Structure formats: C-alpha cells, structure tokens
Amino acid sequence: MISKLSRRKRKVFWWAVISALLMAIVTAAIWHEVEAEMYLPGQEIEGLTSRLARELPADVPPVQFDNVTEKTGIQFRHFYGERGSRITEDMGSGVAWIDYNNNGFQDLFIVNNSGPMGMSPEEFQNSPAHTKLYRNNGDGTFTDITEEAGLKIRMHGMSTAWADFDNSGFIDCLITGYGENRLFKNNGDGTFTEVTEQAGLGGEYGFWAGAAWGDFNGNGYVDLYITGYLDYFEIPDVAEIRDLQEPPSINPSVFDPIRNLLYMNNGDGTFTEIAEQAGVANAQGKGLEAAWVDLTGNNLPDLYVANDVTDNMLFRNLGNGNFMNISYQAKVADYRGSMGVAIGDWDGDGDLDLFITHWIAQENAFYNNLWSEDGQGMLFFRDEADRYGLGQSSLDYVGWATSFFDFDNDGRPDLFVINGHTNQVVGNPKQLVPMKDQLYWNRNNEEGFYEVSLIAGDYFHEEYTGRGGAYADFNNNGKLDLFIVNHSGPGVLLENRTESGYNWLQVQLTGTDSNRSAIGAKLRLVTRDGVQIKQVGMQPSYLSQNMLVQHFGLKNSENVDELHILWPGGKEQKFTNIHSNQRILITEGNNEVEIWKPTP
C-alpha cells in the first residue's frame, strides 16, 4: 500500500510516522515522570494568564438564546458513518441564510459531508447526509424542499456562498468541497439547475474551502474567490499511529498547500480564472476562508485570506485588475492556525476591524484598525485580543465560525464564536473532542467584550464539535438568531429571545447598475447614539454566509437621522428621518424608501 505512493509522499509519510512515534514516546516519558493527569480544556494551570479573566458587570443584558430546532421543523445531522481519521472528513461544513424566493423571509441552506472517504460509490450515493434547503414558511417554521429544488447534493462539502451572479433577480448557490466545486443557477420558480461546466468552474479538482463573492473590478457583476486548502493524499492505516490524538492524516502541516482561485465574471454567465495573473493565488498558503472588504477606502473590495498554519494575506485592490500584498505592512499576516473571520466596526470609530479564530492555546486574534488614529494615511492593525477580553478566554478552544452581530440592539457589535476540536477523543478515535461555543457582549470602547455564554441559555452549556455558523432574523422580529453546524452532530437553530427593549432597523438593498445582490455596498447610519458602518457581504464567518439584509441596533433612538449608501458602482444616496423597528427596501437610483411588509 505504501509502495503505491510517490517518492515525495512516501518521504512525507515516514517523516510523519516517525515524528508521531517520537512524540508519543516523549509524551509517555513525561507522563510517567510527573504522574500528572492529561490537560483538559477549562482546567486551571499555573502560569496561564488567568489574571485577564473578568467577571460580568452589573449592567450585562438579560441574554437568552433558545434551541428551537425541532419546533421549527429543521432536521439535520452532519456526516454519516464513522469518520476515518482524515482531514478531508473533519473540516466542514457551513451554512447560509438566504432569501431564494424573494418573499422577504430568510431561508436556510446547509452543507454536509456525506461520509468517510472509504465509502463505496453505492454507499456514497445512498448516504442520508446531503445538503438541505429549508424554505421559511413565514410563521416560525421551515419546510424541507431540498429534493424538489434540485439541491440534494452528496459530496464532501465544505462551504456555501450565495449571490445573484447573472443579475437575474434571484440568488444563486455555490458549494465548495473536496473534489469539484459546484454552481447552481436559481431558475426563479423554486428550482435550481447546475451550471458548473457551462459557467467555466468545472475541471478544478482539489480540497476547496472558503468562498466569497465580490465585484473586484466594479463592472456590475460579482466575481468569485475560492480558497484552496491543501494537497491531500491518502496515508496508509498504520496500527502504531491509528489511535494517536492527532495522527498525521489529520495534521495540516503534513500536506503541501494548494493555490486559490479567482473567477472573473464575464457578464454572460461564464467566468475566467485569473488568480495568478491578478496576484492573489496565495500559492504558499493553506486557505480556509476569505473576505472581500474595502479596507483601504477606494470603494474597491480588498481581499483578506485566512490561512491555516501559514501567514494570512491581505491583498490591496489596485483598481486595474491587479492586487498588492500589504499583509506585513498592515500587520495582519497572522502566522497561527486561522479558520474563521469576523469583520466590523466594534468601537464606532469609522473603520473596520478584524477578528480571527485560531487553534487551541493560540488565542483568537482581534486586529484593531488604527488607520483613523494614525494620521498619516497608513493602514495598519494591532492585535489587542487580551486588552479587550477576547484573548485569554479563547485559550482552551479551537475556534471556527464567527461574526460580529448586535444581539441586544444596543448599537454595538457583539460576537459569537463556534468551537470544536480537530483532535480525536483519546480511546475513541472515531470521535472528535467536543467543546462549548462562546458569546461575547460588547460593553464599551474602554473595556471591550465580556463572555456571556453561561448566562445565554442551555445550549451554551452543552458541548459539540462546532464548525459552521451564521446569523439572520429568521422570524422578522428585529432580533438576530443563530444557526450552527456541528460535525457528526445536529444542526442547531438558536432563537434570540433577549429582551433589551432597544430599537432596530433593517435595510435591504437591490442593485441596478451595481450587482443585483448589492454585495460590496457601504452603509453609514447616524443616530443620536452614534455612527455605524457596514458593507454588504463582508463577513464570511467560517464556510458560511450571514443574511445579506443589514441589521442595525439603534438603542433608544426612535429615528435614524441619516442613512448614507455608497453603491459598488460609485453612486451615492442619502436618506433622512427613517423610523425605527422596521425593514426598509432601497433600490439603487430610486430615492423612494419602501417599507417591507409580509405577503399573505
């Protein structure tokens, strides 16, 4: 079996085997010497920065998220069968909140991994683990319409990203995974047609992870960026290393990286792959996620790439079809194991900050954008996770999906982090180590964030192997809810039942000259309580997509003084004196604001 591997792969394999055995011997010796118990997440160890732990202040809001998965009609379980200790089986999957039928209610699409790599073709095609599309019925329940929609897909699925790539008025579906990526066109009648080959996305086989839509050249059509993870090859099942907590077959450092893909939208339903010539192939990085977001202020989306065990990359959009690597001068070339990405203006200073989830004992990163404070026009960030309550509290976790979202509508972006290990359970290598998820409340600019997980509901006391996650207001009550994908476990819908009494506003944009999904549009909202900024589609979470409707918590403000919109194509519109506690619909070029109302 080993002899069938190439010379390079045999060398890598035996290096991995020897390293794993040496590590096991050293670990056993240390264990015998100190007669200590194995370290478990949450255990207090002398020398860790427990001095940074913080107690909840008296004014913490009454946070409440309830598991309503079963009562809403959602039945989803990730993965089928027993995992086979392969990294291709362990890294997914994601979820997307989208309105596929344009009725104003957020529908739910969930990616799945159909099972272990060793399944026979017949077993794979009969696997009950497939993608699912749930239609929001508008009454707090969902209906599974996967099969009739034509989206019952079996694959080793990773992420999903949705956008109206052909400006037809209906949002389309992309799925990445191990193998080929797949693109499905929304027919506008509740069904989807696969157009992978016709669109020019076929023929690329690899281990593909995160995906993001963005109009990098401003031509009114969304382009597509897909991160390549690593060059996976099968490692023979050797008894000596099979039951290790981290065998080489699930260690990303064992495998070489693969390049990323940039598909330029030709405007005729087809794409051309141009990553290398545009300067964003990221060939040395093991990409897991990417975000299109304008960080440099030229109204063109830049590109941030989260790489696992390789430096993260920030590519500046030069406006001529090319990008420049500014990762190091901007101080965001994070060298740790990066997975999820959250982007938002946490402190209301008018620029966007970055939050990156990491592997255990590495701390999550909180890159505070100091551009506005620099005074010299230089874009740079500083990791201030410990200073603002997001560092020490993450030491015991492996973080994945994450996003800024205002769960109590006080006008300050809060944060969720979905956790779950990549290591196997000792004595039971068929299972991955489960963990609790985390929820952070943004108190103020001086103190930053407080973890409120333990007062947020029963679910945050439970342990799962979390991966994907995204937010949306699924019942249109002005509160942001969460859906979480747990590896080899249930998909979970958490309804936000936090009673803060604060006001809110939701803004749904439709492009005309710009791309129909309005991805990349900038919003600046002004109330008596401050200024908030957002960009449509800028938060990729991990393999997932939050709703494209923009949600603003308004605290005690009953009216929005001013809402300024800068469209991707350069048009600007301003609206004033907008009432709170409603969703408004704005179409590019139309100065009339429409108030959304549910249709019977």
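Since we're looking at a predicted model, the values are computed, not measured.

Student: Can you break down the overall build of the chain residue by residue, with the values?
Tutor: When helices and strands are tallied, the chain shows eight helices and 38 strands. Restricting to contacts in the chain with at least 6 residues of sequence separation, those with at least 24 account for 61%. With an accessible surface of roughly 23,600 Å², the chain has 48% of that area assigned to carbon and sulfur atoms.

Student: Let's hear about unusual backbone geometry: which residues, and what values?
Tutor: Trans peptide bonds make up the majority, and among non-glycine residues the majority have a negative phi. In this chain, Gly 92 is followed by Ser 93 through a cis amide linkage whose omega measures 15°. Tracing the backbone shows Ser 93 in the loop between helix H2 (87-90) and strand S2 (95-98). We note that Asn 299 has phi near 60°; this positive angle belongs to a residue other than glycine. In this structure, Asn 299 sits in the loop between strand S14 (287-293) and strand S15 (302-307). A relative accessible area of 17% places Asn 299 in the buried class. Located in the positive-phi region is Asn 476, a residue other than glycine, with phi close to 55°.

Student: Any details on the confidence of the model for the chain? Residues and values, ideally.
Tutor: Averaged over the chain, the pLDDT score is 91; the fraction of residues at 70 or greater is 89%. Within the model, pLDDT remains below 50 along residues 20-40, and this stretch shows 15 contacts once partners closer than five positions in the same chain are excluded.

Student: I'd love a proper account of a nonpolar patch on the surface, names of residues and values included.
Tutor: The grouping of Leu 56, Leu 454 and Ile 455 at the surface amounts to a nonpolar patch, some 250 Å² of accessible area in total. Along the polypeptide, Leu 56 turns up in the loop between helix H1 (7-34) and strand S1 (65-67). Look at Leu 56 and you get partly exposed, because its relative accessible area is 35%.

Student: Residue-level account of the environment of Ile 250, with values.
Tutor: With respect to the helices, strands and loops of the structure, Ile 250 is situated in the loop between helix H6 (239-242) and strand S12 (261-265). Residue classification places Ile 250 among the buried positions, given a relative accessible area of 5%. Remark: the alpha-carbon pair of Ile 250 and Glu 89, spanning 161 residues in sequence, is separated by 8.9 Å.

Student: If you had to explain the pairing of strand S28 (residues 466-472) to someone new, which residues and values would you point to?
Tutor: For S28, a buried count of seven out of seven residues is recorded, marking the element as mostly surrounded by other parts of the structure. Alignment of S28 against strand S29 (residues 481-486), held across five bridges, turns out to be antiparallel. Along S29, the bridge assignment pairs Gly 469 with Ile 484.

Student: Outline the environment of Gly 73, supporting the account with residue identities and numerical values.
Tutor: Turning to its location among the elements, Gly 73 is positioned in the loop between S1 and H2. Residue classification places Gly 73 among the partly exposed positions, given a relative accessible area of 35%. Along the chain, Gly 73 and Phe 142 lie 69 residues apart, while their C-alpha atoms are 5.5 Å from each other.

Student: Before we move on, could you go through the sheet that holds strand S37 (residues 582-587) and cite the residues and values that matter?
Tutor: Read from one edge to the other, the open sheet built from four strands follows the order S34-S31-S37-S38, with strand pairing classed as mixed. Of all strands in the sheet, those with a lone pairing partner are strand S34 (550-555) and strand S38 (594-595), marking the two edges.

Student: Report on the nonpolar core, specifying residues and quantitative values.
Tutor: Residues Trp 97 and Leu 439 are the most contacted members of the largest nonpolar core, which totals 59 residues. If one sorts the elements of this core by residue count, S29 sits on top with four residues. Mapping this core onto the domain boundaries places at least three of its residues in each of domain 1 (74-503) and domain 2 (504-595). Listed in part, the 55 residues of the second largest apolar core include Leu 174, Leu 183, Trp 208 and Leu 525.

Student: Any chance you could break down the pattern of salt bridges for me, citing the residues and the numbers?
Tutor: If you walk through the whole model with that rule in mind, you get 20 salt bridges. Its salt-bridge partner being Arg 259, residue Glu 204 comes within 3.5 Å of it at the nearest N-O pair. Here Glu 204, found in the loop between helix H5 (196-199) and strand S10 (205-214), pairs with Arg 259, found in the loop between H6 and S12; they are 55 residues apart in sequence, far enough to count as distant. What makes Glu 204 partly exposed here is its relative accessible area of 24%. Judged by its relative accessible area of 29%, Arg 259 falls in the partly exposed class. The partner of Arg 336 in a salt bridge is Asp 383, and the shortest N-O contact between them spans 3.0 Å. With a gap of 47 residues between them, Arg 336 in the loop between strand S17 (323-325) and strand S18 (341-344) and Asp 383 in strand S21 (residues 381-383) connect regions that are remote in the sequence. On the basis of relative accessibility, which here comes to 13%, the residue Arg 336 falls in the buried class.

Student: Describe in detail the pairing of strand S26 (residues 438-444), supporting the description with residues and values.
Tutor: The two faces of the sheet receive side chains in turn, since in a regular strand these alternate between them. Burial of S26 is extensive: six of the seven residues sit out of reach of the surface. Across three bridges, the pairing between strand S23 (residues 414-419) and S26 is antiparallel. Within the sheet, the bridge partner assigned to Phe 416 lies in S26 and is Leu 439. Where S26 meets strand S27 (residues 448-451), four bridges bridge the pair, whose relative direction is antiparallel. Looking across to S27, one finds that Asn 442 is bridged to Phe 449. A loop of three residues connects S26 with S27, the two strands running antiparallel in sequence.

Student: Report on the sheet that holds S23, specifying residues and quantitative values.
Tutor: Spatially, S22-S23-S26-S27 is the arrangement adopted by the four strands of the open sheet, whose pairing is antiparallel. Every interior strand has two partners, whereas the edge strands, strand S22 (399-405) and S27, have only one. Ignoring which end each strand starts from, the neighbouring axes of this sheet average 25° apart.

Student: Residue-level account of the side chain of Thr 131, with values.
Tutor: Along the chain, Thr 131 turns up in the loop between helix H3 (121-125) and strand S4 (132-136). Among the polar contacts listed, one links the side chain of Thr 131 to the backbone oxygen of Leu 151, at a separation of 2.4 Å. Here the side chain of Thr 131 touches Ile 153 through a polar contact of 3.0 Å, landing on its backbone nitrogen. Non-local contacts of Thr 131, meaning those with residues more than four positions away in its chain, are made with Phe 109, Ile 110, Val 111, Asn 112, Thr 146, Leu 151, Lys 152, Ile 153 and Ile 175.

Student: If you had to explain the environment of Asn 181 to someone new, which residues and values would you point to?
Tutor: On the secondary structure map, Asn 181 appears in the loop between strand S7 (172-180) and strand S8 (182-186). Taking relative accessible area as the criterion, Asn 181 reaches 1% and is therefore assigned buried. The spatial distance from the C-alpha of Asn 181 to the C-alpha of Phe 207 is 9.3 Å, given a sequence separation of 26 residues.

Student: Before we move on, can you summarise the packing of aromatic side chains with the specific residues and values?
Tutor: Under the counting rule described, the total for this entry stands at 35 aromatic pairs. Measuring from centroid to centroid gives 6.5 Å for Phe 165 and Trp 213, while their planes differ by 10°, and the two rings are stacked. Of this pair, Phe 165 sits in the loop between strand S6 (156-163) and S7 while Trp 213 sits in strand S10, and the two are 48 residues apart along the sequence. With a relative accessible area of 4%, Trp 213 lands in the buried category. Here Phe 233 and Phe 255 contribute two aromatic rings whose centre-to-centre distance is 5.2 Å and whose plane-to-plane angle is 65°, an arrangement assigned as edge-to-face. In this pair, Phe 233 sits in the loop between strand S11 (223-228) and H6 while Phe 255 sits in the loop between H6 and S12, placing the two residues 22 residues apart along the sequence. Comparing Phe 233 with Phe 255, the two get one shared label, buried. Put simply, the rings of Phe 65, Phe 405, Phe 407, Phe 416, Tyr 459, Phe 460, Tyr 464 and Tyr 471 touch in pairs and so form one group of aromatic residues. One residue, Arg 54, lies across the ring of Tyr 450, its end atom 4.5 Å from the ring centre. Stacked on the ring of Tyr 335, the Lys or Arg Arg 336 has its end atom at 6.0 Å from the ring centre.

Reading guide: rules and limits
- Residues numbered from 1 in each chain as written.
- Predicted model: local features only at pLDDT ≥ 70, side-chain atom pairs only at ≥ 80, totals over all residues.
- Heavy atoms only, no water.
- Helix = DSSP H or I, 4+ residues; strand = E, 2+ residues; numbered from the N terminus.
- Contact = heavy atoms within 4.5 Å.
- Areas by Shrake-Rupley, 256 points an atom, 1.4 Å probe, with all protein chains shown as cover.
- Buried < 20%, exposed > 50% of the residue type's maximum accessible area, 1.4 Å probe, protein only.
- pLDDT = per-residue confidence, 0-100.
- Patch = residues over 30% accessible without salt bridge, like charges linked within 9 Å, V, L, I, M, F, W, Y side chains within 5 Å.
- Salt bridge = Lys/Arg side-chain N within 4 Å of Asp/Glu carboxyl O.
- Pairing = 2+ DSSP bridges.
- Core = buried A, V, L, I, M, F, W, Y, C linked by side-chain atoms within 4.5 Å.
- Domains from an automatic or database assignment.
- Axes fitted to C-alpha atoms, helices over the stretch in contact; angles between N-to-C directions.
- Polar contact = N/O pair within 3.5 Å; in protein donor to acceptor, adjacent residues only side chain to side chain.
- Phe/Tyr/Trp six-rings, centres within 6.5 Å; stacked < 30°, edge-to-face > 60°.
- Lys NZ or Arg CZ within 6 Å of the ring centre and 35° of its normal.

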